[in-house]
Amino acid sequence: MSPMMQHYLEIKKQYSDYIVFYRLGDFYEMFFEDAKIVSKELELVLTGRDCGEDERAPMCGIPYHACDVYIGRLVEKGYKVVVCEQMETPAQAQGNIVRRDIVRIVTPGTLTDGKLLDESKNNYLCALNIYGLTAACAFCDISRAMIELTTVNGSDEDELFQSIINELSLFKPSEVIINAPGERVARLTDFLSQNEKCSITASAGEYFIPDQALIKNQFPDECFPEGFSISGTDGGACAAIIRYISETQKTSVPEITEICAYGSESFMSIDASTRRNLELCETLRTKERRGSLLWVLDKTKTSPGARLMRKFIEQPLVNCRAVQLRQGAVAEFFSHTILRDDVRAALSGAQDLERLFTKVQYGTSNARDLIAIKQTLSIFPKLEALLCDTSASELSSMYNSLRTELGEKLGALYDFIDRAITDDPPFLVREGGLIKKGFNSDVDELRSMVTESREYLSQIESQEKELTGIKGLKIGYTKVFGYYIEITKSNIPLVPDRYIRKQTLTNCERFITRELKDMESRILGANDKSIGLEYELYLSAVENVKSYADAIFSAAGILAKTDVYAALAEVALKNNYVCPEVDYSDLIELKNSRHPVVEKFTNDYFVPNDVSLDCGRNRTMIITGPNMAGKSTYMRQVALIVLMAQIGSFVPAEEARIGICDRLFTRIGASDDLSSGSSTFMVEMNEVAYILKHATKKSLIIYDEIGRGTSTYDGMSIARAVLEYTTGKKLGAKTMFATHYHELSELENSIDGVKNYNIAAKKRGDSVTFLRKIVRGSADDSYGIEVAQLAGVPAEVIRRARQILKKLEEENANTPVQKTEAVIPEISLFDSAKNILAEELKSIDVNTLTPIEAMGKLYELTKKAKEL
Ligand code: ADP
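Residues numbered from 1 in each chain as written. Predicted model: local features only at pLDDT ≥ 70, side-chain atom pairs only at ≥ 80, totals over all residues. Heavy atoms only, no water.

A. Spatial organisation of the sheet that holds strand β15 (residues 482-488). Judged by pairing direction, the sheet is antiparallel, and its 4 strands sit side by side in the order β14-β15-β17-β16 without closing on themselves. Every other strand in the sheet has two partners, leaving β14 (474-478) and β16 (500-504) as the edge strands with one partner each. Ignoring which end each strand starts from, the neighbouring axes of this sheet average 40° apart. Two strands pair when backbone bridges link them, and β15 and strand β17 (residues 508-512) are joined in this way by 4 bridges, in the antiparallel orientation. In the strand pairing of β17, Ile-485 is matched with Phe-511. Packed on one face of the sheet, helix α20 (residues 441-468) meets β14 and β15 and runs near 135° to β14. (Pairing = 2+ DSSP bridges. Helix = DSSP H or I, 4+ residues; strand = E, 2+ residues; numbered from the N terminus. Axes fitted to C-alpha atoms, helices over the stretch in contact; angles between N-to-C directions. Contact = heavy atoms within 4.5 Å.)

B. Fine view of the packing of helix α16 (residues 367-377) against helix α19 (residues 405-420). As a packed pair, α16 and α19 sit with axes 9 Å apart at the nearest point and diverge in direction by 140°. Our classification of the angle between α16 and α19 gives oblique. In this structure, α16 crosses over α19, and the sense of that crossing is left-handed. Here Leu-370, Ile-371, Ile-373, Lys-374 and Leu-377 of α16 come into contact with α19, specifically with Leu-410, Leu-413, Tyr-414, Ile-417 and Asp-418. Among the residues forming the contact of α16 with α19, the class breakdown is 8 nonpolar, no polar and 2 charged. (Parallel < 35°, antiparallel > 145°, perpendicular 65-115°, else oblique. Left-handed = near helix turned anticlockwise from the far one by under 90°. Nonpolar A, V, L, I, M, F, W, Y, C, P; charged D, E, K, R; others polar.)

C. Quick look at empty space enclosed by the protein. What the rule picks out here adds up to 1 cavity of 30 Å³ or more. Counted as a void, the largest cavity has a volume near 40 Å³. Taken together, Leu-111, Thr-112, Leu-117, Asn-123, Asp-141, Ile-142, Ser-143, Arg-355 and Thr-358 make up the full set of residues lining the largest cavity. (1 Å grid on protein atoms, 1.4 Å probe; cavity = no way out; pocket = protein on both sides within 12 Å on 5 of 7 lines; lining within 4 Å. Points joined across faces, edges and corners; volume = space filled by probe spheres on them.)

D. Expanded view of the confidence of the model for the chain. Across the chain, the average pLDDT comes to 87, with 95% of residues at or above 70. Scored below 50 in pLDDT, residues 672-676 shows 6 contacts in the model against residues more than four places distant or in partner chains. Considering only residues more than four positions removed or in separate chains, one finds that residues 816-832, a stretch of pLDDT under 50, has 22 contacts. (pLDDT = per-residue confidence, 0-100.)

E. Structural view of the sheet that holds strand β12 (residues 258-261). Strand order in the open sheet formed by 6 strands is β11-β10-β7-β8-β9-β12, with mixed pairing between adjacent strands. The strands lining the two open edges of the sheet, one partner per strand, are β11 (199-201) and β12. Between one strand axis and the next, the sheet turns through 20° on average, direction left out of account. Across 4 bridges, strand β7 (residues 124-131) lies against strand β10 (residues 175-178) in parallel orientation. Directly across from Cys-126, in β10, lies its bridge partner Val-176. Here helix α5 (residues 157-171) sits on the sheet in contact with β7, β8 (134-141), β9 (146-153) and β10, set at roughly 155° to β9.

Have a look at this one:
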């Protein structure tokens, strides 16, 4: 192998799971497997290079100046890139191999360049520290200077896996580092690579080793969340985040100032499939934002606002007071149109303060970023003035901090940048022109030397024209030759002896004189000095800006919150929402409620509906009705309204009272998860199992069809047993249960708290009209054939279906079993009659029965036994 190739392989060995961009002249080249991957992903030509062996090494390359675009595209696809740069020119290397070194490491979770990031989303790096049946999950968006930490447990492998997935689907990290090797990682890796766009570094054990000194050095004031253990799994996860960011950003102490614990007690818990089913931030099928709740609510004006809105939706609160604080702010903007409009107008000029500042912190900013920060800072005095008369405590506390210390700091930072940096600085920071006049006297002096000398040059030009009599004489400049006097060929005979020839071109010749050379060294000297000094001043300005970290983060927080509150008010007003009464009661009472998203798509009128749920007599709604009647819409609308209320938003209803729910569960639809080897029915049952294990009395559960993926009796038995369990004393959660098993309506008579509802539809001749109105009682018909007809199933098939249905109905009408089912469905639902009787006998507590009750029970059991 050639020495260069040996060096390349050494680097590749160190960064085996990265794509190595290896600088060769004007190109970054990739070799071997990297070349194959990149040529495929970026559609580049795959060539080969002689590397000293028999076979040529596969190679592909990109021009060095366009590398950002290619890196961006690779990172977006989940790859990690290291850039290995030439540290000297071939001339400097004097025949030896050119010295090269790693100058940049780019990974999806540690990006600081705003251009490569989606501005409406936080970009998270996650460290998963799994030990036994416990996993510490640490998430960090590098631009927020904070680690968000939680610990999840499972009673077995499956439960632990599900809990981890729930956290991952909350933050949707773009990169995960995992400690443990083995099967667990394989399962997570499988899930992540199939479900999310995510880069995974598995078996990254060395990052996770707990280290007291590392953590204490990073957080000198040791202000840790309660129960945090530096040497435990949580300390290890935080250490991994710190080490990984240090490595990729090439800094010893990354700019992370806080570890913030979150857990089920702070937010409504929503599992991964419920998040997907409710289409909170993207639609289920197409994964688009349009059609999601976020799409309806996110009318923010700034990127930090958009990110916070997403976070609000992803993490609804469970603390009533906290919800009311947000509501207060929204209500104030809702009722004061001028205030809202003015605030929103002021915010529209804001740039992404957090991400601009991250560039400053990690040394990748330029002077234009400082100007963007300055422009955004100019908004705060306006905000302060606007928030001055607000009464909602969320808004007035923001006003108070802007009015006092924070406002002063922001003002001082604004003044500093305004004094130091020119208003329209160049993109590059090493070529001068960034420091404002008057900021530093040395720069001013050097600059005036340059300007004066330039004026003097034009004097020399006129003087030489006069002395030589050459009218076309002119003074010019090139980087290679410096200043010169240019004379056209026809005037060469007039050139005096003191001119020294430097260069011959086709039509002219270029000369220098002693005087010109002197002037040149004065100009270039002053210019170089001034550029160098400007760069130094820029770096110290950056250091100064960095020292305002706390103020900047607080300011960014105020900006984002104001933006979200004003946007929620705007949405509430435009869409005719009402402020819900939120408390710790068990109630969900909605009058004329609507689905926030579906109402945007219905061409004709969206029919509003009422809801009344509690933990007592109205604990469970069994909802029947034909397909397409609106059952799913109705149930999802209740779930979304509860969620909206708990993020502090107004809700689409005429009146709303909502008791805080701790968890939200949905079992909706079914899709085969073939990648994990699960059938539709298995997925369904997994979800049911999860709900039954995790729901509490304070939860809201939505079941949209249960037991459809198996035989009728099987399915109906499961559906009923699940419903009994959910409604029963042990759990007793608020439940909405849509089903086509009309037999389940019987439960209204046997279980207290169950109420039958149906979504009204009217049959007219052979067709059906959907009224979309929820009414008490069970539906009398499924109208399946009518819906099939509406969907365009051929008339011949519809006719035949009607014949078959009629026949089946006639047959069933004559079967006595059918009648029994309707009266005592629990018996006929099971295969083994003996088991049922045995179960029933076992459940009787003889000591609590009166003699009369005992007689009654005995009679009932013998009757059942005879019928079986
Ligand atoms: P189901 O679950 O009963 O099969 P869906 O909830 O899927 O029915 O509703 C079918 C369609 O009916 C929805 O896509 C929507 O367009 C419309 N729809 C549902 N509820 C309403 C309503 N309250 N007002 C107007 N249109 C509705």
